[in-house]
Amino acid sequence: MTTVANPTNIDISDNTDGIEDIVKQIKNSSSDSVLKNGQKDNSPPSGLSRTKTSINISEEKVANISASEEKGSRQRKEASYVGWKQIGGWEESDALTAEDELLDLNKETPLDNFIPDKFYGDWYHSVAIFAIGGILSFTIGYFKLPLSITFFVIIVSSVFYRISVKTYRASIRDLVQREFTVQNIDDDYESMEWVNNFLDKFWPKIEPNVSQMVVAQVNDLLATNEQIPAFIKALWIDQFTLGVKPPRIDLVKTFQNTDNDVVVMDWGVSFTPHDLTDLNAKQMKNFINQKCVIKAKLFGLTLPVSVSDIAFKATARISLKLMTPFPHVETANVQLLEVPDIDFYALLFGDSIFNTEVLAIPGLMTMIQKMAKKYMAPMLLPPFSLQFNIPQLLSGSALSIGVLEVTVKNAKNIRRASTLVGDSIDPYLMFEINGKKTGKTRIVRDTLNPVWNETLYILLGTFTDPLSITLWDKREKLKDKVLGRIEYNLNSLHDAHFQRNINVNFLRNSRSVGELNLDLHFYPTLTPKVLPDGTEEGSPDLNTGISKIVIEEAYGLDKPGNKVCAYVEVYSAGELLFSTDKAEGIDVIKWNKSYESVIMDRRKTKYKIVVKNSKNGEVISSTLQSLNDLIDRTEIDRKRIPLNNCKGQLKITVYWKPVAMDLGSSAIAYTPPIGVVRIFINKAWDLKNLETIGKIDPYVNVLVNGVPKGRTPEIEQTLSPVWNTAIYVAVTSPNQRITLDCMDVETADTDRSVGKVDLKVLDLFQKDENDKYMKIINDEPITSRLITKKGIKGSIRYSTSFYPALPVLTLEEIEDLDQIKEKKKKLLEKKFLTDEAQMTAEQKEKFKNQENAIQDMEEMYGNKEQLDLSQLISYNSGVLSISVLDGELPIPGLYVQAFFDANGYARFTSPKISTRTIKTGWTGDVMIKELEWSITTLRVTKHKNNNKVEECLCEVTIPTIELVKNCFYRPSFLNLAGAHTAKLMIQTSWFPIDTDTLPESDLIVNTGDLTITVKGAENLISADNNGFSDPYVKLYLNDEEDCFFKSKTQKKQLNPTWNETTTIVLDNRVNEKLRIKVMDWDAGNFNDLIGTGVISLSDVKPSGVTNMDVPITDPDGGDGGVLHLSFEFDPKYALTIKKKETKVGDFASKSLGTGLRVGTTVVGAGLGTGLKAGSTVVDTFGSVGKFGIGLFGKKKNKHDASFEPEV
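Keep in mind that what you see is a predicted model, and the values were worked out from it rather than measured.

Rules used in this analysis
- Residues numbered from 1 in each chain as written.
- Predicted model: local features only at pLDDT ≥ 70, side-chain atom pairs only at ≥ 80, totals over all residues.
- Heavy atoms only, no water.
- Salt bridge = Lys/Arg side-chain N within 4 Å of Asp/Glu carboxyl O.
- Helix = DSSP H or I, 4+ residues; strand = E, 2+ residues; numbered from the N terminus.
- Buried < 20%, exposed > 50% of the residue type's maximum accessible area, 1.4 Å probe, protein only.
- Phe/Tyr/Trp six-rings, centres within 6.5 Å; stacked < 30°, edge-to-face > 60°.
- UniProt positions renumbered as here; feature names shortened; annotations may be inferred.
- Polar contact = N/O pair within 3.5 Å; in protein donor to acceptor, adjacent residues only side chain to side chain.
- Contact = heavy atoms within 4.5 Å.
- Patch = residues over 30% accessible without salt bridge, like charges linked within 9 Å, V, L, I, M, F, W, Y side chains within 5 Å.
- Areas by Shrake-Rupley, 256 points an atom, 1.4 Å probe, with all protein chains shown as cover.
- Pairing = 2+ DSSP bridges.

## Focus on the pattern of salt bridges
Now for step 1: All told, the structure shown has 38 salt bridges when counted by the stated rule.
Now for step 2: One salt bridge in this structure joins D541 and R602, with 2.8 Å as the shortest N-O distance. Highlighted residues: D541 in the loop between β19 (536-537) and β20 (545-555) and R602 in the loop between β24 (588-599) and β25 (606-613), separated in sequence by 61 residues.
Now for step 3: Classification of D541 as exposed rests on a relative accessible area of 59%.
Now for step 4: With its nearest N and O atoms 3.7 Å apart, the salt bridge here joins K1132 to D1130.
Now for step 5: K1132 sits in the buried class, given a relative accessible area of 14%.
Now for step 6: We classify D1130 as partly exposed; its relative accessible area is 22%.
Now for step 7: Linked through salt bridges whose partners overlap, the residues forming this network are D601, R603, K604, E812 and D816.

Structure below.
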């Protein structure tokens, strides 16, 4: 190994202030034994000591490995020396001075002054010395001269050789210095000397801390890794340093003639150790090369392995595919232009002088280089490259980048291969990527022009690996024979996802032996997009995609302390997908086996997971889990699944990425809910104020697995909002994550999060003895702290309840059940006609898999009822799902919104539709409290977050029950009208909620017009000197500062009569209150307060007339008389929202008004919203949908909406 001394002078003792900031974060994470100036506390004999280097392991890691430690697992060992200072025994007194740096490496000897220069200092002089010394030694031995003469020959030869070789090394250093000073011929490489100079300066400062971190983390892994054989009792890094010389960037070259979104660069990197020859002891302590000593304790012995003086040089080509959204790099391709040059000094049994370097074995280094080229060539050497999908890596799921749909049509003119047996050919195709089999077609009998017309779905991890298509001939009694092969480059799919009618030739011995016709369609995985305005557009909720299931570990499969050996089999639709390796353990068994697959319908995919004993194959336990439930469990980090018969738990992680595959309506089909969770959001306080001037306008978003499902109205200018709003969200499993996200309205920008909290709702999901979910009503308020990006700030109060859905079969499930019955019938007939004694093991296994698949499907649908539409809509409360399958919009770039009942905010909104024709549909759901009175509005808008009173291009409003009736059995077109027109193809489903009552505050009787008649008063107190008062009445809603009604003044009365009437619009009658002030009018002074009263509007009857006598309390708290009022409530859906005002700057256009503007009487008037603090919360229950009043007023109205059945 040839090394060259570093010509750069490094003052390693210099304490630069700037370096402290650079390494502060590294120092904080390393051992506490670091002292000032980065020096270790090493005070041993001769300046060395053993320093603790491993950091403490977290409590979580300790919990995971405590059981194995107790049973005698590997011991934890601390490193002896870490960092170049400890390895070299460096002390402050060893710092190089200016004189040390100038010290001549070639010290003169007395002979240097007498021997002419032409007799030493070149390579041939050394050869001559060895030759002369050998000849003289031979001559002395041949003539049997005294051995003492040989001693003088050795002395003279050694001294002369030392002088010659030192001079030779000095000439090499001079040559190197000359190379640095001579100007190179111009090339197109870019200089990175500024980076190299920076590393040269600071590397000795940060290296001890970096080495400390490496050793601490690696030793932890070595102590806990269960893949290491058990006979190794301890394995650790005992000595480690990266040396004082940093890696070096030799060259960088950027190619110019590339596409605008592609960057191609060549990088040259090297890592060369110092040349330590001709250095004195002090210099040796300052120039430390890389060194790593690993020790293993096995069979009572401690065996060290030492690797030092590591050198390498590599040149790589990197290609970056750029994109606009974050992280701005879509793919990165890495290619090594040649096999890297790697050299090192390795000793198997430590640094003993009796060891021999491993690489000194003849031919070993050459073999290593040849093997490296053999295994690296198919991945990293030209023309191959390793591709990284950056967004996929950042997502943390490590799934494939998409699904490749291969439609195999036919092959033509297949040429036979030479064979000794028969002339018939039974061709089939095998598909492979990077040596892994990914698909296979059926066998076509006896033809040279086979027709398949099959579609296969292949997981694609990268575009760089070619698709291998092998043509095989199926032979019954002999092994199958290869007829030809195709290597298809998939890079073209990156830009052109769909390629039709591809004709490629099969090759055998580089000659065409047939032609294949196929179609390729690449479907990429869909990830959340960051829009130019900074908002994140979530990925669509599709049923098609890629799943990756990871069987991690099992707990408690047997009694505590017993050793268990087991493996896991995973089945889907009765077929074995994969098996884990056999593993054993005490209390905990780990597999960490993963399986990735294409999912055609997430709703119907179920996994049967069977744990078996490795010794006898007996089933220990099993569990049946739906894919949706496993995804939800991973989402909330509830990965441990109880096994049947209480035999332990299994930890499973499932990753999911949606893929928009062209599979029709099944891709967006709705997953039936198990029920709805009612979240009553009362109020919040002490919220974080994000505004510079004024206060925030907070509202609460309710999210299920990160998808918005509903929101409260915003309350203007407050840090302590009161909402008193109930939001219902449908859930498909008990393991879904429900989040309350408190937001601040921003009219000139995207809304900002003030804080969020995940709800703990697992206790709501309980089953009865019939394995059905029960209704759980929980009115107890829950207070949670809001979590922001910078800590905890603010609190929110809410309550949660659960209403189960009636388990009913969907239309699709009814069809599946009919198919299952037919399959079962045919299977029984086939089994009856087959003699079981003559069946092969393969046939028996096939029958068993089919029976298991049928049994799993029957279990899936066994607890559901089959109801027709009339029976379904007899339930007045339920979950409505709306699927938009197709449609036409007036212009591209629009959104479709869905509004229901009195909610002024869209319940769900489509993704941005980039074309006029809707190609990819979507599905949304909503809880309908009263189907009899419910109305649905569909609107087409330009802006995603528009509310119901803001402008739209077209819309349609229709009774929800009519929508269900017309679109249940088959899709129908719905026409939207307005300034433009649109057409949507809709399919609906109705899932009844199993309840007779809902809180009255959630029904139509909670909103509408309230007519108040102020009749008169009796026994008012006297406020004037004449013994009378001049009374009038002022009415306030909740804690509003401004009254919404003021009566006329009655002169000189203590028993006045007014009979005056006013009407206000209420959006939350049950939770609102009416405040009353009776005043005395004075001509020249301020009016006096006679008395006050308060009425809870929940006491007002939802129908008919309600008369009340309200006690009036005088200012001193005494009896102030009685006020006679009359109320008449007209229930109707009323909008209580208003148009957003555009901000000027950050705050200029924020409204300073408060609360609900009253005195407005009609639906859709664009009213303000908000309740003030102190509102009384009343949660009474009413009969669902039993109130017999029309939708608008006394009579139901028909809405203009035309249905067109699907053609």
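## Considerations on the packing of aromatic side chains
Now for step 1: Throughout the structure, instances matching the rule amount to 17 aromatic pairs.
Now for step 2: Note on Y773 and F802: the rings are 6.0 Å apart at their centroids and 75 degrees apart in plane angle, and the pair reads as edge-to-face. Separated by 29 residues along the polypeptide, Y773 in the loop between β34 (752-758) and β35 (782-788) and F802 in strand β36 (residues 791-804) bring together distant segments of the chain.
Now for step 3: The exposure class of Y773 is partly exposed, given its relative accessible area of 22%.
Now for step 4: Pairwise contacts between aromatic rings join F138, Y142 and F143 into one cluster.

## As for the UniProt feature "transmembrane region" (unreviewed entry) in the chain
Now for step 1: Within the UniProt annotation, "transmembrane region" (unreviewed entry) is assigned to residues 123-143.
Now for step 2: Within the segment residues 123-143, helix and strand shares are 95% and 0% respectively, and the terminal C-alpha atoms sit 31 Å apart.

## Thoughts on the side chain of K409
Now for step 1: Its location among the elements puts K409 in strand β10 (residues 402-412).
Now for step 2: Of note is the side chain of K409, whose polar atom sits 3.3 Å from the side chain of D519.
Now for step 3: Every residue in contact with K409, bar those within four places of it in the chain, is listed here: V451, W452, N453, N501, N517, L518 and D519.

## Here's the deal with a nonpolar patch on the surface
Now for step 1: A grouping of I294, L301, L303, V305, L348 and F349 is seen on the molecular surface, where their side chains present a nonpolar patch of about 510 Å² in accessible area.
Now for step 2: With three residues, strand β6 (residues 301-322) is the single largest residue contributor to the nonpolar patch.
Now for step 3: Of the residues examined, L303 reaches a relative accessible area of 33% and is grouped as partly exposed.

## Observations regarding the pairing of strand β52 (residues 1105-1113)
Now for step 1: Judged by which residues are buried, β52 turns out to be one-sided: T1106, M1108, V1110 and I1112 face inward and are buried, whereas V1105, N1107, D1109, P1111 and T1113, on the alternate face, are not.
Now for step 2: Two elements, β52 and strand β53 (residues 1119-1131), share eight bridges in a ladder whose sense is antiparallel. Across the sheet, N1107 pairs through a bridge with S1126, a residue of β53.
Now for step 3: Connecting β52 to the next strand, β53, in antiparallel fashion are five residues, including G1117 with a positive phi near 90 degrees.

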